[in-house]
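Results of the structural survey
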Amino acid sequence: MTIDLMDANGVPSVEGGWSTQIRTVPNGVINHVKQGYLVHGSGVRDAEGAFVPESVLWRGRPLMVAPPVVEDPDYQPGRWVWGGKLLDHFGHFLIESTGRLWALDHLKGQIDGIVFIPEGNMTGETVAPALKGFQRLFFDLLGITLPIKVLTRPTRFETLEVPGQGFGIGPMAGGTALFRDFMQNRFGASVAADGPERLYISRSQLPLDLGGILGEARLERYLTDCGYETYHPQNHSLTEQIARYKAAKQVVGLDGSALHLFAMVGTPQQRVALIKRRSGPAPEGIVRHLSGFTQQNPLLLDAITHNWVRSDRKHADNFSYGELNFAALGRELSRNGFVSAGLGWRPLSAARAAVAMQRIEASFPTAGITFNAVPVPAKPPEERSGRHITRRGVPV
């Protein structure tokens, strides 16, 4: 079957199609040239030089185009599985570097290893870069003992197995049935549950340039009073995180990479409240991931009154800070059984919000960055903060 990436039938789908198929490419050549911000000349060409569209990374659109033809590539004997691009960012690695691993269950005993291309340019060096610690542990937790090769030069493989992308950002975030089965049967299978029944996944100890919410310490205190443990996943190994996530019956967290890891081990018996930290559609991928893997829709909460946007950015994004109406948030958590009724949660005052942001700006790792408060369009009266701001968020 010929796949046209520009045709509707060429789009990967969680329902099936080429996302659930494996294409065998004898003498397939892998090349990678980082030549733009998102779309690169990367992927697989067959023995005749034709581009193999099944090798493309999708993020709502193809992020690869046909790589340059190589006259004299290196040669690798044996039968290898195309893994795609090995990304260094934890969340993107989870979502975009794992989507073809499902094929390992269908090629048992038949392959010699897994091959990835690097996130950056190929170095041309003869020694392949070592996997990062979390990447190596992730593969270990999947029970993968095969060699994993990260290419430094264009290479021809005796036989290359190219699985379809079964998982990813955007519409693929729910994963195909084959990918979900692979993850749920393998990932962290030997890790025992260990931890409290109520867990709040915090961002308050992450670097300031990764964004978050104002006054998260206050939210942590409110949730602690309701029996939640505040958990900082970046301070713990993947194994420890999985143990915590398996033990929790109720999980509250801001939208971010940690909930992608939770989704990979979550079950229908667990309940998740996902709090938006920035306006926009970004959390939709986490919702798809949680829903697809746990068969349970998370509670998505939007209590944002203002987005504090970096002066070098145009709109709310991963790097902005959300100012939340904690009173409205508490009411919704209570109404849905995550916390007890009769809460006395209060939103930040205008003065406290301004001070919180001044502290962030004063310690920000990039010189000259300030934040501007952008009000969120009006909500129902009971959810309004009831205050006015200037451009910088200081009360008028």
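Refer to the structure printed above.
Let me sum up the structure you'll find in this document. (Residues numbered from 1 in each chain as written. Predicted model: local features only at pLDDT ≥ 70, side-chain atom pairs only at ≥ 80, totals over all residues. Heavy atoms only, no water.)

Points about the packing of helix α4 (residues 216–225) against helix α8 (residues 326–335)
The interhelical angle for the contact between α4 and α8, taken along N-to-C directions, is 30 degrees, at an axis separation of 12 Å. When the axis of α4 is compared with that of α8, the two are roughly parallel. Of the two elements, α4 crosses α8, and the hand of that crossing is right-handed. Between α4, through R218, L219, Y222 and L223, and α8, the contact on the second element is made entirely by F326, L329 and L333. Split by residue class, the contact of α4 with α8 holds six nonpolar, no polar and one charged. (Axes fitted to C-alpha atoms, helices over the stretch in contact; angles between N-to-C directions. Helix = DSSP H or I, 4+ residues; strand = E, 2+ residues; numbered from the N terminus. Parallel < 35°, antiparallel > 145°, perpendicular 65-115°, else oblique. Left-handed = near helix turned anticlockwise from the far one by under 90°. Contact = heavy atoms within 4.5 Å. Nonpolar A, V, L, I, M, F, W, Y, C, P; charged D, E, K, R; others polar.)

Considering unusual backbone geometry
A positive phi is found at N27, a non-glycine position, where the angle reads about 55 degrees. Position of N27 relative to the elements: it lies in strand β1 (residues 22–33). At Q295, a residue that is not glycine, the phi angle is positive and equals roughly 60 degrees. Looking at where Q295 falls in the secondary structure, it is placed in the loop between α7 (284–294) and β13 (299–301).

Some words on the packing of aromatic side chains
By the definition in use, this model includes 17 aromatic pairs. Between F138 and F187, the ring centres sit 4.7 Å apart and the planes meet at 40 degrees, which makes this aromatic pair tilted. Within this pair, whereas F138 is found in helix α2 (residues 133–141), its partner F187 is found in the loop between α3 (177–186) and β8 (198–201), the two being separated by 49 residues in sequence. Like F138, the residue F187 is buried in the burial classification. Taken together, the aromatic side chains of F90, F93, F116, F134, F138, F139 and F187 make up a single cluster linked through ring pairs. (Phe/Tyr/Trp six-rings, centres within 6.5 Å; stacked < 30°, edge-to-face > 60°. Buried < 20%, exposed > 50% of the residue type's maximum accessible area, 1.4 Å probe, protein only.)

Observations concerning the sheet that holds strand β9 (residues 212–213)
Here four strands make up an open sheet; going across it, the order is β9-β15-β14-β16 and the pairing mixed. Looking at strand neighbours, the two that pair on one side only are β9 and β16 (371–375), the edges of this open sheet. Where strand β14 (residues 304–310) meets strand β15 (residues 321–324), four bridges bridge the pair, whose relative direction is antiparallel. Bridge assignment links H306 to a residue of β15, and that residue is E323. (Pairing = 2+ DSSP bridges.)

Describing the environment of D112
Among the secondary structure elements, D112 is positioned in the loop between α1 (90–96) and β5 (113–118). Note on D112: relative accessible area 39%, which makes it partly exposed. Residues D112 and W80, 32 residues apart in the sequence, show an inter-C-alpha distance of 5.5 Å. With sequence-adjacent residues up to four places away left out, D112 is seen in contact with G78, R79, W80, L146 and P147.

Re the sheet that holds strand β7 (residues 155–163)
Reading across the sheet, the seven strands line up as β3-β2-β1-β7-β4-β5-β6 and stay open at both edges, with mixed pairing between neighbours. With partners counted over all chains shown, the strands left at the sheet margins are β3 (64–65) and β6 (148–150), one partner each.

Notes on the pairing of strand β11 (residues 250–254)
A large share of β11 lies buried, amounting to five of its five residues. The alternating pattern of β11 places Q250, V252 and L254 and V251 and G253 on opposite faces, both of which are buried. For β11 and strand β12 (residues 271–275), the ladder comprises five bridges, and the chain directions are parallel. Bridge pairing in β12 places V251 opposite V272. Once you follow β11 into helix α6 (residues 257–265) and on to β12, the crossover reads as right-handed. (Right-handed = clockwise from strand over helix to strand, strands pointing away.)

Limitation: the analysis is restricted to geometry and does not speak to function.
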